Amino acid sequence: EYADISLKDIDQVSKSSFPLCMRHLFEKLREDHHLKHGGRMQLGLFLKGVGLKLDDALAFWRAEFTKKVGSERFDKEYAYSIRHNYGKEGKRTDYTPYACQKIISSAPGVGDHHGCPYRHFSEDNLRAALGRMGLSSRGMEDVMDKVRNKHYQLACTLTFEAIYGTSCDAGINHPNQYFEESQKILK
Ligand code: SF4
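All residue numbers here refer to positions counted from 1 along the written sequence of the relevant chain. pLDDT decides what is reported in this predicted model: residues at 70 or higher carry local features, side-chain atom pairs at 80 or more are listed and counted, and totals for whole chains, interfaces and linings draw on all residues regardless. The basis for the side-chain values is all heavy atoms of the structure; hydrogens and waters are excluded.

(A) Structural view of the site of the ligand. Around the ligand, the neighbouring residues are Pro 19, Cys 21, Cys 100, Ile 103, Cys 116, Pro 117, Tyr 118, Cys 156, Ile 172 and Pro 175. Helical segments are the DSSP runs of H or I of at least four residues, strand segments are the runs of E of at least two, and each set is numbered from the N terminus. Of all the secondary structure elements, the ones that give two or more residues to the shell around the ligand are helix H6 (100-104) and helix H7 (117-120). Nearness is defined per residue: one heavy atom within 4 Å of the molecule or strand is enough.

(B) Region of the structure containing the domain arrangement of the protein chain. The source of the domain bounds is an automatic or database domain assignment. The assigned domain composition of the protein chain is domain 1 (7-85) and domain 2 (100-186). Between domain 1 and domain 2, the C-alpha centre-to-centre distance is 21 Å. Should any heavy atoms of two residues lie within 4.5 Å, those residues are considered in contact. At the junction of the two partners, domain 1 supplies 21 residues and domain 2 supplies 23 residues. Contact between domain 1 and domain 2 buries roughly 1,800 Å² in total, counting both sides, with carbon and sulfur atoms accounting for 64%. One speaks of a salt bridge when a side-chain nitrogen belonging to Lys or Arg is within 4 Å of a carboxyl oxygen belonging to Asp or Glu. At the junction of domain 1 with domain 2, the criterion picks out 0 salt bridges. For the purposes of these results, a polar contact is taken to be a pair of N or O atoms within 3.5 Å, where, inside protein, one atom must be able to donate a hydrogen and its partner to accept one; residues adjacent in sequence count only when each atom of the pair is a side-chain atom. Linking domain 1 with domain 2 are 8 residue pairs in polar contact (both at pLDDT 80 or more), by the criterion used here. Counting residues per element, the ones that place at least two in the side of domain 1 that touches domain 2 are helix H1 (10-17), helix H2 (20-32) and helix H3 (37-50). Considering each element in turn, the side of domain 1 that touches domain 2 owes the most residues, 8 residues, to H2. Looking at the side of domain 1 that touches domain 2 residue by residue, the class counts come to 10 nonpolar, 7 polar and 4 charged. Summed over both partners, the accessible area lost on bringing two parts together, with a 1.4 Å probe, is the buried area. When residue character is reported, Ala, Val, Leu, Ile, Met, Phe, Trp, Tyr, Cys and Pro are called nonpolar, Asp, Glu, Lys and Arg charged, and the others, Gly included, polar.

(C) Examining H3 more closely. A helix's residues, less one, multiplied by 1.5 Å, set its expected span. Over its 14 residues, H3 runs 20 Å from end to end, which matches the ideal 20 Å to within 8%, given 1.5 Å per residue. Buried means the residue's accessible area, taken with a 1.4 Å probe over protein chains only, is under 20% of the maximum for its type, while exposed means over 50%, and partly exposed covers the values in between. For H3, the buried fraction is high: 13 of the 14 residues fall into the buried class. Directly after H3, the chain includes Gly 51, whose backbone phi takes a positive value near 110°.

(D) View of the pattern of salt bridges. All chains considered together, the criterion is met by 10 salt bridges. One salt bridge connects Arg 30 with Asp 11, and the closest N-O pair in it is separated by 2.8 Å. Here Arg 30, found in helix H2, pairs with Asp 11, found in helix H1; they are 19 residues apart in sequence, far enough to count as distant. Asp 11 sits in the partly exposed class, given a relative accessible area of 31%. Among the salt bridges present, the one from Glu 77 reaches Arg 73, with a minimum N-O distance of 2.8 Å.

Written as structure tokens, this is what we have:
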């Protein structure tokens, strides 16, 4: 339903248009060639919302996971849940991507990379990640101020506004909304 992204553009688009939560999952997947269940769900459904087709999604996850596990194991243990997310297995529910509220209230454990960085990162890690996104020190302090007051979605909105140099009056309430608003600006 949205502008589709294809596999060849996905790395570039992850840097230009993904909110921090998805950028982090994407980078970890590229780095570790693996994500635990919570991360696979959060990123997988987001990518579906972004318009990644099922075949491309399978190719995407397979390319990373098979750097660690055999392709047989990928097919057996992981491909099912990807098809499941697309409503092709089990109850055939067409699962929708998670909104910020759900992500913020999740409880990532050790080794998990899902969740909302504004809520779940240490201050040092958050500052480093925001720096890599290109935030100036002025923008950084405004964001950290919202984080300290537990206004995580506002912190994300301020990040958006600082990066794209435009206001986002509606505020960020969904990672796919962040993505779409960003694509509108960049196009
Ligand atoms: Fe992701 Fe929402 Fe957190 Fe932004 S506020 S990083 S979009 S969960």
